[in-house]
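Coordinates in review
Here's the letter readout for the chains.
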Amino acid sequence: MRATLIKAILYLFAFLPLPVCHAIGSLVGVVLASLPGRTRDVARTNIDLCFPELTAAGRRRLVNTSLRETGKTILESGALWLRPGSMTLRLIRAVDGLEHVEAAQAAGRGIILATPHLGAWEAAGLYCASHYDITCLYRPLRMQELEDLVRNARNRAGGNYVPATAQGIRILYKTLAENRAVAMLPDQEPQAGTGLFAPFFGIPAYTMVFLSRLTIKTGAPIVFVWSERLSFGRGYRLHFRPALEGASADDLATSVAAINRTVENMIRERPEQYQWSYRRFRTRPEGEPPVY
């Protein structure tokens, strides 16, 4: 029943103009900011931890604006997933930093595209799938009834999504060996025993090491991409950014720290568009108390 309702909502908003989707999403965010709940509490905790330099009033404003962006993220999903791919791609109004992709491709070792949970990451994934024939690592959804819908939506522009299994990882290495593109989300907390703690906004964050191992082993450069959500439902602007120095260092801890710094720098461009409702600091170093 729940999956059926979600599908109905997605199809409804797929037919509404993007400005309408974002306006309603902003109202949903106002409700999220007004009512007690886990989404608001996690966003508030994360922002308090990551922006101690802001005043208390400034942090409250950032929580409120970030939750309005969260509402937009939810309600734009129908447009990004269910409209024809060519129609959705027309929502991307501008792209900057393509020279970083071209330089990576010219190196001839493949390219790793890393898309953090910033802005409309589904729009970034669709653009990369249509232009670079990406093979993307993903985690299957908890709600299996939506798996086919989401997988077909992401594949419709030419991308190839593989699960985060041993077989999927082998496919990624093979893809890079063929001088092609792979993609992944760099800011999800990994499973226990598979990550390292590295600073993220000055806070030790349990961070995936697979991205570092991939670039170290293959020599493929990392290029980050995020999709800025433009105001008043005008569409999106894509930003490609090179990884900071150290991301491809042989030392795993150095690489992981550089990747986190790169993500942090992008977030600071538009902090309200980051997914602050995600429990990024759920796993703590031994002896430290929980933060949520």
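Everything that follows concerns the structure shown earlier in this document.
Let me begin by describing the structure that accompanies this report.

Reading the values: the criteria
Residues numbered from 1 in each chain as written. Predicted model: local features only at pLDDT ≥ 70, side-chain atom pairs only at ≥ 80, totals over all residues. Heavy atoms only, no water. Axes fitted to C-alpha atoms, helices over the stretch in contact; angles between N-to-C directions. Helix = DSSP H or I, 4+ residues; strand = E, 2+ residues; numbered from the N terminus. Parallel < 35°, antiparallel > 145°, perpendicular 65-115°, else oblique. Left-handed = near helix turned anticlockwise from the far one by under 90°. Contact = heavy atoms within 4.5 Å. Nonpolar A, V, L, I, M, F, W, Y, C, P; charged D, E, K, R; others polar. 1 Å grid on protein atoms, 1.4 Å probe; cavity = no way out; pocket = protein on both sides within 12 Å on 5 of 7 lines; lining within 4 Å. Points joined across faces, edges and corners; volume = space filled by probe spheres on them. Expected span 1.5 Å × (residues − 1). Buried < 20%, exposed > 50% of the residue type's maximum accessible area, 1.4 Å probe, protein only. Patch = residues over 30% accessible without salt bridge, like charges linked within 9 Å, V, L, I, M, F, W, Y side chains within 5 Å. Areas by Shrake-Rupley, 256 points an atom, 1.4 Å probe, with all protein chains shown as cover. Salt bridge = Lys/Arg side-chain N within 4 Å of Asp/Glu carboxyl O.

Contact pair helix 3 (residues 38-50) / helix 4 (residues 56-75): the axes reach a minimum separation of 10 Å and the direction vectors enclose 135°. Here helix 4 runs oblique to helix 3, going by the angle between their axes. For the pair helix 3 and helix 4, the crossing hand works out as right-handed. Of the residues in helix 4, those touching helix 3 at Thr39, Arg40, Ala43, Arg44, Ile47 and Asp48 are Arg59, Leu62, Val63, Ser66 and Leu67. By residue class, the composition of the contact of helix 3 with helix 4 is five nonpolar, two polar and four charged.

So, on to empty space enclosed by the protein. Scanning the entire structure with this criterion turns up three cavities of 30 Å³ or more. Approximately 50 Å³ is the volume found for the largest cavity. Elements with a contribution of two residues or more to the lining of the largest cavity: helix 5 (77-82), helix 8 (121-132) and helix 9 (147-155). Broken down by element, the residue count for the lining of the largest cavity peaks at three residues, all from helix 8. Residue classes in the lining of the largest cavity are distributed as five nonpolar, one polar and three charged.

Take helix 8 next. The end-to-end C-alpha separation of helix 8 is 16 Å, in line with the 16 Å expected for twelve residues at 1.5 Å each. Burial analysis of helix 8 places ten of its twelve residues in the buried class, the great majority of the element. Buried within helix 8 we find Trp121, Glu122, Ala123, Ala124, Gly125, Leu126, Tyr127, Cys128, Ala129 and Tyr132. One or two residues past the end of helix 8 sits Asp133, with phi positive at roughly 50°.

This part is about a nonpolar patch on the surface. Among the surface-exposed residues, Val20, Ile24 and Val28 lie close enough to one another that they form a single nonpolar patch of about 180 Å² accessible area. As for its position among the elements, Val20 is in helix 2 (residues 18-34).

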